[in-house]
Amino acid sequence: MAEVILMPRLSDTMTEGVIAAWHKKIGDNVKKGDLLAEVETDKATMELESYKDGTLLHIGIDKGGKLQVNDLLAIIGNAGEDISALVKEHSGGAAVATPAKKEEAPKATASAAAPQATTTTVDVSKMEEVVLMPRLSDTMTEGVIAAWHKKIGDAVKKGELLAEIETDKATMELESYKNGTLLYIGADKGQKIQVNDLLCIIGEKDKVDVNAIVAAVKGGGGSSAGQSVPEKATVASSSQPAVTASATTASTENGRVKASPLAKKLAQEKGVDLHSIHGSGDGGRIIKADIDNYKPAEQTAAATTTSAPAAKATTAPVPVFAPVAGEEGYTDIPNSQIRNVIAKRLTESKFSAPHFYLTMEINMDNAMALRTQMNEVSPVKISFNDMVVKAAALALRQHPAVNASWMGDKIRRHHHIHIGIAVAIEDGLIVPVIRFADQKGFPQIAAESKELAGKAKNKKLQPNEFTGNTFTISNLGMMDIEEFTAIINPPDSCIMAVGRIKEVVVRKGEGFAVSNVMKITLSCDHRSVDGATGAAFLQTFKKLLESPLSMLL
């Protein structure tokens, strides 16, 4: 009987999937566990394995096409089987379900009666009632049952939420792929199930021998021909010592090793050479079971019988990394009010104001010499940042277009010059303002800067002391930062990022000498300040700092 495969929800946020590749084409034989397709979700490209044996009779969409979750992905059944009704039903057509059920009833009875009659010949791979643990992520090897939404005896419809499975990436919802009654649950809430192990049995009550299916899946049936997973494990373990020479041919294609992402990851962790393993998956593909069943001791023994020197060439395996702490963790820190304001204002600034950046190097030799002289007579110690504030204020006086704000339908050029100085505090960042900075001397700027910075760190600033800025300076030079860019602080049109002063070797006359250089970067709002305007402002700023005596006149 043909089985419809719907687009599964392969991540907790997935609503649609894109077919990245089909690994089977219409008419191909498919076995339970074979790689059927690769589906690109909103998180990753994942491998979709077949849940039953049969022939691929229908493909819902070609490579590159999109399908919504629960749309028709494929149909697997017997070769030559009529699937037109199923295609019509799952493509929005008006197929009549009742006749189809009448035809299916004898087949279902026959398939269910077979295991009752001869328990020793149960073929699990052909049991439509069996639901195995699907691989819900590309690295998943096992799942934990987070919750069952159905209990034994409940009626289940195709598309209904069956269980929640916790994988290595997220807790995902598992929907039923068929109608029937939930007859068996393979694990209770909180228990682990390996991929392809028995998750549950869904079928018609009194027509399915649950005990026979469970015994066959778990190996209790003795001669169960349909136990596909144990069969693969047996082939891999028995053939590895004897087929080392042919393993490369079986598991490679055009020089590329055919292995699942998880197998490659495990092989890397264990130091296993994939070329020495014979894949038991589809087309010789190496899967997790092959890595788990790989025994280096057997390989060494086989090599010893053929070549004595080869046995001496063994090397110690790379130890598997084990974290010291053993557990991952995190701490959630609630946002303070100031952090919320910073996030809101700077996000608006960054994504509403078109930023561009201008960087310039300034020779600070003369500024350093003048600062030393001024500090010998100044009542307050003058810092380099105080000199930057004064130079910026005087340059703004000559370039009023930079001392401006974007007002939406107009540009506002301020007649006053209020310089904001970014100060880091425990909760984030605050910008005290030095008002009329162009009219104040170095000692006044220095004293006011220290007072405002102290108030900021003690959270004692008054509203008029941190509002009204027309230009902002952010200085990280004292933290050994050489160069950076800053986000414009609204309502300003520009912010200046100041780096550290460092010594560089420069050519002077016929020889070389050491100079002190500082890098600054101006962030500009292109809506109100053009590139040439910002560059002209920086030229004036550079001239003032390189000839600092002019700031005293």
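Scroll up to find the structure.
All of the points below concern the structure found in this document. (Residues numbered from 1 in each chain as written. Predicted model: local features only at pLDDT ≥ 70, side-chain atom pairs only at ≥ 80, totals over all residues. Heavy atoms only, no water.)

**Quick word on the overall build of the protein**
Alright, step 1. Secondary structure summary: the protein contains 14 helices and 28 strands in total.
Alright, step 2. Across the 553 residues that make up the protein, the buried fraction comes to 43%.
Alright, step 3. In the protein, 62% of the contacts between residues at least 6 apart in sequence involve partners at least 24 apart.
Alright, step 4. Approximately 28800 Å² of the protein is accessible, and the part contributed by carbon and sulfur atoms is 54%. (Helix = DSSP H or I, 4+ residues; strand = E, 2+ residues; numbered from the N terminus. Buried < 20%, exposed > 50% of the residue type's maximum accessible area, 1.4 Å probe, protein only. Contact = heavy atoms within 4.5 Å. Areas by Shrake-Rupley, 256 points an atom, 1.4 Å probe, with all protein chains shown as cover.)

**Some thoughts on the sheet that holds strand E15 (residues 192–194)**
Alright, step 1. The four strands lie next to each other as E13-E12-E10-E15, forming an open sheet whose pairing is antiparallel. Because the sheet does not close on itself, it has two edges, and the strands there are strand E13 (171–175) and E15. Within the sheet, the average angular offset between the axes of one strand and its neighbour, ignoring direction, is 40°.
Alright, step 2. Looking at chain direction, strand E10 (residues 142–148) and strand E12 (residues 161–166) are connected through four bridges and run antiparallel. Among the inter-strand pairings, Ala147 is bridged to a residue of E12, identified as Glu164. (Pairing = 2+ DSSP bridges. Axes fitted to C-alpha atoms, helices over the stretch in contact; angles between N-to-C directions.)

**Quick look at the environment of Pro134**
Alright, step 1. By the element assignment, Pro134 lies in the loop between strand E9 (130–132) and E10.
Alright, step 2. A relative accessible area of 2% places Pro134 in the buried class.
Alright, step 3. Along the sequence, Pro134 and Glu49 sit 85 residues apart, while their C-alpha atoms lie 7.7 Å from each other.
Alright, step 4. Discounting chain neighbours no more than four positions away, the residues touching Pro134 are Tyr51, Met140, Leu174, Val195 and Leu199.

**Observations regarding unusual backbone geometry**
Alright, step 1. Between Pro490 and Pro491 the backbone carries a cis peptide bond, its omega angle lying at 10°.
Alright, step 2. With respect to the helices, strands and loops of the structure, Pro491 is situated in the loop between strand E26 (471–475) and strand E27 (494–508).
Alright, step 3. Unlike most non-glycine residues, Asn70 shows phi in positive territory, near 80°.
Alright, step 4. For Asn70, the position within the fold is in the loop between strand E7 (66–68) and strand E8 (72–77).
Alright, step 5. Phi angles above zero are rare outside glycine, and Phe436 is one such case at about 55°.

**Observations concerning the packing of aromatic side chains**
Alright, step 1. If you walk through the whole model with that rule in mind, you get two aromatic pairs.
Alright, step 2. Note on Phe471 and Phe537: the rings are 5.6 Å apart at their centroids and 55° apart in plane angle, and the pair reads as tilted. Residue Phe471 is found in strand E26, and its partner Phe537 is found in helix H14 (residues 531–546); the two are separated by 66 residues along the sequence.
Alright, step 3. Phe471 sits in the buried class, given a relative accessible area of 0%. (Phe/Tyr/Trp six-rings, centres within 6.5 Å; stacked < 30°, edge-to-face > 60°.)

**What to know about the nonpolar core**
Alright, step 1. Judged by nonpolar contacts, the single largest core of 49 residues is most densely connected at Phe471, Met496, Phe541 and Leu545.
Alright, step 2. A per-element tally of this core places helix H12 (residues 384–398) first, with nine residues.
Alright, step 3. Setting aside residues up to four positions removed in sequence, Leu545 forms contacts with Ile362, Asn363, Met364, Ala367, Met387, Val388, Ala391, Met518 and Met551. (Core = buried A, V, L, I, M, F, W, Y, C linked by side-chain atoms within 4.5 Å.)

**Examining H14**
Each α-helix turn comprises 3.6 residues. Residues three or four places apart therefore point the same way.
Alright, step 1. The end-to-end C-alpha distance of H14 is 22 Å, a good match for the 22 Å that 16 residues give at a rise of 1.5 Å each.
Alright, step 2. Listing the buried residues of H14 in full gives Gly534, Phe537, Leu538, Thr540, Phe541, Leu544 and Leu545. Projection of H14 onto a plane perpendicular to its axis shows the buried side chains occupying an angular sector of 160°, all on one side. Those residues of H14 that are exposed and aimed more than 90 degrees away from the buried face are Ala532, Gln539 and Lys543.
Alright, step 3. Buried residues in H14 make contact with strand E19 (355–363), helix H11 (365–375), H12, E26, E27 and strand E28 (511–525). (Expected span 1.5 Å × (residues − 1). Arc of directions from axis to C-beta.)

**Notes on the sheet that holds strand E14 (residues 180–185)**
The pairing of strands in a sheet happens through backbone hydrogen bonds and is either parallel or antiparallel.
Alright, step 1. The four strands are arranged E9-E16-E14-E11 in an open sheet whose pairing can be described as antiparallel. In this open sheet, the two strands that pair with only one neighbour each are E9 and strand E11 (155–156).
Alright, step 2. Looking at chain direction, E14 and strand E16 (residues 198–203) are connected through four bridges and run antiparallel. In the strand pairing of E16, Leu182 is matched with Ile202.
Alright, step 3. Of the strands in this sheet, E9, E14 and E16 are in contact with helix H3 (residues 210–217), which crosses E16 at around 155°.

**Side note on the pattern of salt bridges**
Alright, step 1. Under the definition given, this model contains 20 salt bridges.
Alright, step 2. For Asp365, the salt bridge goes to Lys508, with nearest N and O atoms at 3.9 Å. With Asp365 in helix H11 and Lys508 in strand E27, this residue pair connects regions lying 143 residues apart in the sequence.
Alright, step 3. A relative accessible area of 22% means that Asp365 is categorised as partly exposed.
Alright, step 4. A relative accessible area of 43% means that Lys508 is categorised as partly exposed.
Alright, step 5. Among the ionic pairs, Glu448 bridges to Lys440, the shortest N-O distance being 2.5 Å.
Alright, step 6. On the basis of relative accessibility, which here comes to 19%, the residue Lys440 falls in the buried class.
Alright, step 7. Through salt bridges with shared partners, one network takes in Asp480, Glu482, Arg500 and Lys502. (Salt bridge = Lys/Arg side-chain N within 4 Å of Asp/Glu carboxyl O.)

**Observations concerning the packing of H12 against helix H13 (residues 442–457)**
Helix packing for two helices is described by the angle between their axes and how far apart those axes are.
Alright, step 1. The interhelical angle for the contact between H12 and H13, taken along N-to-C directions, is 120°, at an axis separation of 9 Å. Remark: the crossing between H12 and H13 carries right-handed chirality. Packed against H12, whose contacting residues are Asp386, Met387, Val389 and Lys390, the element H13 presents Phe442, Ile445, Ala446 and Ser449 at the interface.
Alright, step 2. Its residues assigned to classes, the contact of H12 with H13 comprises five nonpolar, one polar and two charged. (Left-handed = near helix turned anticlockwise from the far one by under 90°. Nonpolar A, V, L, I, M, F, W, Y, C, P; charged D, E, K, R; others polar.)

**Considering a nonpolar patch on the surface**
Alright, step 1. Residues Met478, Met479 and Ile481 make up a contiguous nonpolar surface patch of roughly 330 Å² in combined accessible area.
Alright, step 2. With respect to the helices and strands, the residue Ile481 is situated in the loop between E26 and E27. (Patch = residues over 30% accessible without salt bridge, like charges linked within 9 Å, V, L, I, M, F, W, Y side chains within 5 Å.)

**Here we look at the environment of Asp525**
Alright, step 1. Among the structural elements, Asp525 can be located in strand E28.
Alright, step 2. Measuring from C-alpha to C-alpha, the distance between Asp525 and Lys350 comes to 9.6 Å, with 175 residues separating the pair along the chain.
Alright, step 3. Ignoring any residue separated from it by four or fewer positions in sequence, one finds Asp525 in contact with Ala353, Pro354, Trp406, Ile488 and Ser493.
Alright, step 4. In terms of polar contacts, Asp525 uses its side chain to reach the side chain of Arg527, at 2.8 Å. (Polar contact = N/O pair within 3.5 Å; in protein donor to acceptor, adjacent residues only side chain to side chain.)

Keep in mind that these numbers describe shape and distance, not what the molecule does.
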